[in-house]
Amino acid sequence: MVNVRDPEALRDEPEVDFREQEQVVDAEEFEQAVESAENQSGMVVVAVTDDRDRLLLVDSEWVDGWTLPNGPVGADEDWAVAADRWSEDELSFPVQIERPELVIRTETRAEGGEESVVGYTVAFAASLVPAMGGPGGMGPGGPPPGVGPDGKKAPDGEEAPEGQGPPAGGPSGPPGGPGVGPIASNPNLDWFDAVPDDVAPGHDALVRYFLD
């Protein structure tokens, strides 16, 4: 996992899409932005993709609709650490945080004022780890009981022949492969190859970015 302490350091990285934008808000919204900046550096986003170029989205309890896993980053927090923390918090299992792919620097100003506050959105590419059902993974716990490498199952009441039972080292569990296990069993997680109609308001641009 790459450490990222300051998003500005990614400005000249050839593999990072660094963008800038400015927004003008009313006095109340500006005060909220200033207060937020005292404790937070911005928002981290995690784009988990599979070998079919699908994007893993969350039907979040915090907003209405599907989003990428995301969360605020503390003022002194490492962005990659925050990406790891928030992705596991929203997905309920860890993923492999790979590299920052997109940085959006947002400068917020009050209407008619000269003061401004700067925040960042940093989006990391990520993938499933094999143990969680990624390519080549078996999912938590290994294959179903009594199923061996040749796919044969022992008859009821009989012990599976040597080499055909579940692997040693832990209890058996669901078979692996993309979309199996903790993703398929969670109605708040799903893979998408297009922007869903019920994407969360304000999140469609980021979802589209990683699907295009």
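Asks: Please set out the environment of Phe-18 residue by residue, giving values where relevant.
Replies: Within the element layout of this structure, Phe-18 appears in strand E1 (residues 17–25). Its relative accessible area of 16% is what places Phe-18 among the buried residues. Sequence separation of Phe-18 and Glu-8 is 10 residues, and the distance between their C-alpha atoms is 9.0 Å. Setting aside chain neighbours within four positions, we find Phe-18 in contact with Pro-7, Glu-8, Leu-10, Arg-11, Val-103, Arg-105 and Tyr-120.

Asks: Run through the confidence of the model for the protein, naming residues and quoting values.
Replies: On average, the protein scores 81 in pLDDT, and the residues at 70 or more come to 76%. Contacts of residues 133–155 to residues separated by more than four positions or lying in other chains number 60 contacts, the stretch itself having pLDDT below 50.

Asks: Residues and numbers for the sheet that holds strand E2 (residues 40–48), please.
Replies: Spatially, 5 strands are ordered E1-E6-E7-E2-E5 in an open sheet, and the strand pairing comes out mixed. Either end of the sheet is taken by a strand with one partner, and the two such strands are E1 and strand E5 (70–74). Taken over all neighbouring pairs, the strand axes of this sheet differ in orientation by 25 degrees on average, direction set aside. Of the strand pairs in this sheet, strand E6 (residues 96–110) and strand E7 (residues 116–127) are connected by 12 bridges, and their pairing is antiparallel. Bridge pairing in E7 links Leu-102 to Ala-123. Of the strands in this sheet, E2, E5, E6 and E7 are in contact with helix H2 (residues 79–91), which crosses E2 at around 60 degrees.

Asks: Residue-level account of the pattern of salt bridges, with values.
Replies: Considering all chains together, one arrives at 12 salt bridges under this definition. Glu-101 serves as the salt-bridge partner of Arg-99, at 3.6 Å between the closest nitrogen and oxygen. For Arg-99, a relative accessible area of 32% corresponds to the partly exposed category. Overall, the relative accessible area of 21% leaves Glu-101 in the partly exposed class. Through salt bridges that share partners, Glu-8, Arg-11, Glu-20, Glu-22, Arg-105, Glu-107 and Arg-109 make up one connected network.

So, how was this worked out
- Residues numbered from 1 in each chain as written.
- Predicted model: local features only at pLDDT ≥ 70, side-chain atom pairs only at ≥ 80, totals over all residues.
- Heavy atoms only, no water.
- Helix = DSSP H or I, 4+ residues; strand = E, 2+ residues; numbered from the N terminus.
- Buried < 20%, exposed > 50% of the residue type's maximum accessible area, 1.4 Å probe, protein only.
- Contact = heavy atoms within 4.5 Å.
- pLDDT = per-residue confidence, 0-100.
- Pairing = 2+ DSSP bridges.
- Axes fitted to C-alpha atoms, helices over the stretch in contact; angles between N-to-C directions.
- Salt bridge = Lys/Arg side-chain N within 4 Å of Asp/Glu carboxyl O.

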